[in-house]
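# Remarks on the overall topology
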Amino acid sequence: MKRSLIVFFLITLCFSAQAQIGGRATYQFLNLESSARQVALGGKVVTDFKNDPTSGLFNPATINRTMNKNYSVNYVNYLADINYGSAAAAFKLGRTEKMIHFGVIYANYGTFEGFDLSGNETGEFSAAETALSFGYAQQIPKTDFYVGANFKLISSKLEQYTSLGAAFDLGVLYYKEEWDLNIGLAIRNVGTQITTYAGTREKLPLEVNAGISQIPKHVPIRWFVTLQNLQFWNIAFSNSNRNSDNLLGGTSEVDDPSFVNNVLRHVNLGAELFPRGGFNIRVGYNFRRSEELSIQDQRSFAGISAGFSIKIRKLTFNYGYARYNLAGSSSVFGLNLNLGEY
């Protein structure tokens, strides 16, 4: 067995905690929530229209003038000693309303011990992936619509095998200031491998997400509803661990997710308390994560996420926590620096 197969197995195992459709494409790290705000609100948010340039990594249309000269870094302590994170910055082009955006997402899977087919040690090896993002966004003149695009260069190294890729993100956002209403759509990771790992060309993890968020009048809460993975309708699957035996009839009942169950797996919910204040509290719920990772007859709180932010003048500290199952959770730490006029 080639040592690279061990890497692929371990990485796929880690990402299976994130999603059952994760094995259909390479560069799966591109779809991880790499900011504390995203994680706390349930993930995949595409309507984050405020002073956080990291939002441009999820929907490039969200980059707007309030993010001018804003910088952000995030670090995630993930499962199985995996570490990943992001950094982003946004700038206004001169005196126009046009914006440019720069970002990076990285994932470090750590060090592994290699073995050959006979079980002999072949030495340690590592695995890591990085994506550099360059974005542009602007408001469509005389409308409430914003559009944006990212171009990404992707580098992946798994043991001795390397791969390069390129991809685009496309986004649109409707922002109604009078109602404080945001409606967004993002199509992410449209691209291809430039060089393959070992001669086999693989697909990129295309992802289509949509969402809506709003602050109701006289209520200090912003609510979020996000529809994730719209590129696949049937994301529910039969889980053999949920099969039950009928002792009286001698038959077994096979787990068969319903239509409603499949719909809910596309839904993430989030809420932010005191969204305009210097201290925010955030909560979220990811239905898909709950359905795929919860354990039968045990309360694991899978799918629940929470976090907060503290703003001190130009500096904002963000924290996010996501629960996966009884044995796994992750913490995300982020810092935003606002050197602009907003």
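To start, this report covers the structure provided alongside it. Note that the structure is a prediction, hence the values are computed from the model and not measured.

## As for the pairing of strand β9 (residues 221–227)
Consecutive side chains along a regular strand alternate between the two faces of the sheet. Because side chains alternate across β9, one face comprises the buried residues Arg 222, Phe 224 and Thr 226, and the other comprises Ile 221, Trp 223, Val 225 and Leu 227, none of which is buried. The antiparallel hairpin formed by strand β8 (residues 207–214) and β9 contains six residues in its connecting segment, where His 218 sits at a positive phi of about 65°. One ladder, built from seven bridges, connects β9 with strand β12 (residues 267–273); its direction is antiparallel. Looking at the pairing, Thr 226 lines up with Asn 268 of β12.

## Section: the pattern of salt bridges
Applying the stated criterion across every chain yields a total of 15 salt bridges. Lys 44 is the salt-bridge partner of Glu 33, the closest N and O atoms lying 3.9 Å from each other. One end of the pair, Glu 33, is in the loop between α1 (3–16) and α2 (36–40); the other, Lys 44, is in the loop between α2 and β1 (70–77), and eleven residues separate them in sequence. Per residue, the accessibility class of Glu 33 equals that of Lys 44, and both read buried. A salt bridge links Arg 265 to Glu 291, with the nearest nitrogen and oxygen atoms 3.8 Å apart. Remark: Glu 291 occurs in helix α4 (residues 287–293) and Arg 265 occurs in the loop between α3 (259–264) and β12; sequence separation between them is 26 residues. Arg 265 gets classed as buried once you look at its relative accessible area, which sits at 3%. Look at Glu 291 and you get partly exposed, because its relative accessible area is 24%.

## Re the environment of Asn 68
Tracing the backbone shows Asn 68 in the loop between α2 and β1. A relative accessible area of 8% means that Asn 68 is categorised as buried. Beyond its immediate stretch of four places on either side in the chain, Asn 68 contacts Ala 90, Phe 91, Lys 92, Met 99, Asn 338, Gly 340 and Glu 341. At 2.8 Å, the side chain of Asn 68 forms a polar contact with the backbone nitrogen of Lys 92.

Cut-off values and rules
Residues numbered from 1 in each chain as written. Predicted model: local features only at pLDDT ≥ 70, side-chain atom pairs only at ≥ 80, totals over all residues. Heavy atoms only, no water. Buried < 20%, exposed > 50% of the residue type's maximum accessible area, 1.4 Å probe, protein only. Helix = DSSP H or I, 4+ residues; strand = E, 2+ residues; numbered from the N terminus. Pairing = 2+ DSSP bridges. Salt bridge = Lys/Arg side-chain N within 4 Å of Asp/Glu carboxyl O. Contact = heavy atoms within 4.5 Å. Polar contact = N/O pair within 3.5 Å; in protein donor to acceptor, adjacent residues only side chain to side chain.

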